[in-house]
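Examining the three-dimensional arrangement
Given next are the chains, with one letter for each unit.
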Amino acid sequence: ILESQGRDKEAAARFAAAVKQEPDYLEARLGLVHCLQLLGRFDETLPHYRHIVKVDPRRDDAWVDGATMLISLSRYDEARAWLAAARKIHPEQPELAAQQKMVESVLTPGAR
């Protein structure tokens, strides 16, 4: 409710409290990372994405969003490793393939 009212800072605090109380409550973590993104606190999302995919590697949305954060932070070497792990679990996921191709083009200019 707080998030839908644009009260992102308060929503983030509530989601953080829920995650602290129940670390594997993935929906709360996803809510928290969304609020952190809205607040421009991108670095802070990464440990949460790592936890989400550790608890439930089937969450391809978390793999994609985690890669998006790494890419947006220009952390391409980390993104490469993240995407390699993601593609082992989700080899047919088109967004992961596209992200991996983009990261490889940044890290290996001129490569096709």
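Below is a short write-up of the structure. Per chain, the residues get numbers from 1 upward, laid out in the order the sequence is written. Totals for whole chains, interfaces and linings use every residue, but because this is a predicted model, local features are given only for residues with pLDDT of at least 70 and side-chain atom pairs only at 80 or more, for both listing and counting. Calculation of side-chain values draws on the structure's entire complement of heavy atoms; hydrogens and water are dropped beforehand.

With respect to the overall build of the protein
- Going along the chain from the N terminus, every DSSP run of H or I of four or more residues is numbered as a helix, and every run of E of two or more is numbered as a strand. Within the protein, the secondary structure is distributed over six helices and zero strands.
- Order of helices (α) and strands (β) in the protein, N terminus to C terminus: α-α-α-α-α-α.
- For the protein, the C-alpha atoms occupy an extent of roughly 45 × 25 × 20 Å along the three principal directions.
- Buried residues are those whose accessible area, probed at 1.4 Å on protein chains only, stays under 20% of the maximum for their type, while exposed residues exceed 50% and partly exposed ones sit between those limits. In the protein, which comprises 112 residues, the share counted as buried stands at 35%.
- Of the roughly 6800 Å² of accessible surface on the protein, 53% is carried by carbon and sulfur atoms.
- Asp and Glu count as negative and Lys and Arg as positive, but His and the ends of the chain are not part of the count. Here the site of a charge means atom NZ of a Lys, CZ of an Arg, CG of an Asp or CD of a Glu. Side chains of the protein give 16 positive and 17 negative charges; the mean places of these two sets differ by 3 Å. Exposure was quantified through the Shrake-Rupley algorithm and a 1.4 Å probe, taking into account, for residues, occlusion by the shown protein chains and nothing else.

Considerations on the pattern of salt bridges
- The salt bridge definition used is simple: a Lys or Arg side-chain nitrogen within 4 Å of an Asp or Glu carboxyl oxygen. Applying the stated rule across the entire model yields eight salt bridges.
- For Arg75, the salt bridge goes to Glu78, with nearest N and O atoms at 2.7 Å.
- Its relative accessible area of 26% is what places Arg75 among the partly exposed residues.

Brief notes about helix α2 (residues 26-38)
- The span one expects for a helix is its residue count, reduced by one, times 1.5 Å. Here α2 spans 18 Å end to end across 13 residues, near enough to the 18 Å set by a 1.5 Å rise per residue.
- Among all positions of α2, only Leu26, Ala28, Arg29, Leu30, Gly31, Leu32, Val33, Cys35 and Leu36 are buried.
- Residues of α2 that are buried in the fold lie against α1 (8-21), α3 (46-55) and α4 (60-72).
- Just beyond α2, the residue with positive phi is Gly40, at close to 75 degrees. We call two residues contacting when some pair of their heavy atoms lies within 4.5 Å.

Quick word on the side chain of Gln93
- Note on placement: Gln93 falls in the loop between α5 (76-89) and α6 (94-107).
- Using a relative accessible area of 14% as the deciding quantity, one classes Gln93 as buried.
- In protein, a polar contact requires one atom able to donate a hydrogen and another able to accept it; more generally it is a pair of N or O atoms within 3.5 Å, and residues adjacent in sequence count only if both atoms are side-chain atoms. Here Glu95 takes part through its backbone nitrogen, which lies 2.6 Å from a polar atom of the side chain of Gln93.
- Apart from the residues lying within four places of it in its own chain, the contact partners of Gln93 are Asp60 and Val64.

A few points about the nonpolar core
- Among buried residues, the Ala, Val, Leu, Ile, Met, Phe, Trp, Tyr and Cys ones that are joined through side-chain atoms within 4.5 Å form a nonpolar core. Membership of the largest hydrophobic core comes to 20 residues, with the highest contact counts inside it found for Tyr49, Ile52, Trp63, Trp82, Leu83 and Leu96.
- Residue assignment for this core shows that the elements contributing at least two residues are α2, α3, α4, α5 and α6.
- Once you skip the residues sitting within four places of it in the chain, Leu83 turns out to touch Ala67, Leu96, Gln99, Gln100 and Val103.
- Core analysis: the next-biggest nonpolar cluster, separate from the first, contains eight residues, Leu2, Ala12, Ala28 and Cys35 among them.

Some points on unusual backbone geometry
- A positive phi angle, close to 60 degrees, is found at Ser74, a residue other than glycine.
- Inspection of the secondary structure assignment puts Ser74 in the loop between α4 and α5.
- For Ser74, a relative accessible area of 47% corresponds to the partly exposed category.

Focus: the environment of Met69
- Along the polypeptide, Met69 turns up in helix α4.
- In this structure, the C-alpha to C-alpha distance between Met69 and Pro94, residues 25 residues apart in sequence, is 17 Å.
- Ignoring anything within four residues of it in the chain, the contact list for Met69 reads Gln37, Phe42, Thr45, Leu46 and Tyr49.

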